[in-house]
Amino acid sequence: MTYAIVNGTNGNNFLAYQGILQTFNQTLVNPYSGYTITINETKNVNNAIYDGLNGTDTLSMPSTGDVLVLVDAAGTIMLKNVEIIEAGVGGDIILIAHDTVAYGNITLRG
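Just so it is clear, the structure is predicted and the values come from calculations on it, not from any experiment.

Caption draft 1: Structural detail: the overall build of the chain. When helices and strands are tallied, the chain shows 0 helices and 11 strands. When its helices and strands are written in sequence order, the chain yields β-β-β-β-β-β-β-β-β-β-β. Taken over the C-alpha trace, the chain has a radius of gyration of 13 Å; the compact-globule value for 110 residues is 13 Å, and the two agree within 12%. Oriented by its inertia axes, the alpha-carbon framework of the chain measures out at about 40 × 30 × 30 Å. Of all 110 residues assigned to the chain, the portion counted as buried reaches 37%. Restricting the contact set of the chain to residue pairs at least 6 apart, pairs at least 24 apart contribute 65%. Just so you have it, the chain exposes about 6200 Å², and 50% of that area is on carbon and sulfur atoms.

Caption draft 2: The arrangement of the sheet that holds strand 8 (residues 79-80) in detail. An order of 1-5-8 is seen for the 3 strands of this open sheet, with the pairing classed as parallel. The strands lining the two open edges of the sheet, one partner per strand, are strand 1 (4-7) and strand 8. Two elements, strand 5 (residues 48-51) and strand 8, share 2 bridges in a ladder whose sense is parallel. Paired with D51 across the strands is K80, a residue of strand 8.

Caption draft 3: Up close: the sheet that holds strand 4 (residues 36-46). Taken in spatial order, the 4 strands make up an open sheet running 3-4-7-10, and their pairing is mixed. Every interior strand has two partners, whereas the edge strands, strand 3 (19-29) and strand 10 (93-95), have only one. Within the sheet, the average angular offset between the axes of one strand and its neighbour, ignoring direction, is 30°. Strand direction decides the pairing type here: strand 4 and strand 7 (residues 66-69), joined by 2 bridges, are parallel. Each bridged residue has a counterpart across the sheet, and for N44 the counterpart in strand 7 is D66.

Caption draft 4: Structural detail: the nonpolar core. One finds Y50, L59, M61, L68, L79 and I85 to be the most contacted residues of the largest nonpolar core, which totals 16 residues. Beyond its immediate sequence surroundings of up to four residues, L59 is in contact with L15, A16, Y17, Y50, L68, L79, V82, I84, I85 and E86.

About the cut-offs
- Residues numbered from 1 in each chain as written.
- Predicted model: local features only at pLDDT ≥ 70, side-chain atom pairs only at ≥ 80, totals over all residues.
- Heavy atoms only, no water.
- Helix = DSSP H or I, 4+ residues; strand = E, 2+ residues; numbered from the N terminus.
- Rg over C-alpha atoms; globule rule 2.2 N^0.38 Å.
- Buried < 20%, exposed > 50% of the residue type's maximum accessible area, 1.4 Å probe, protein only.
- Contact = heavy atoms within 4.5 Å.
- Areas by Shrake-Rupley, 256 points an atom, 1.4 Å probe, with all protein chains shown as cover.
- Pairing = 2+ DSSP bridges.
- Axes fitted to C-alpha atoms, helices over the stretch in contact; angles between N-to-C directions.
- Core = buried A, V, L, I, M, F, W, Y, C linked by side-chain atoms within 4.5 Å.

Structural data, given as structure tokens:
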């Protein structure tokens, strides 16, 4: 898949979430607890790689049901150097836990 690239600057940035409305049918596993959940819904699925670079950076998500995972199925890291995620009110799925990639501190709002 070809992804849009959304980069910040060396200052504080607001990055706009980008997604495609489609059916998301996947079983997600929390690598720390082993908890699984199967999702089969129409969602606004992420189609960009976000890198906030330096500063305190915020990824702003819309008020639709969005899906954002740290690493895609091919192993591409989708989120780098973003300190805050502002989720919407639409039943978002945000999976920052991964079995081989440690992200660090992040604030989730929404």
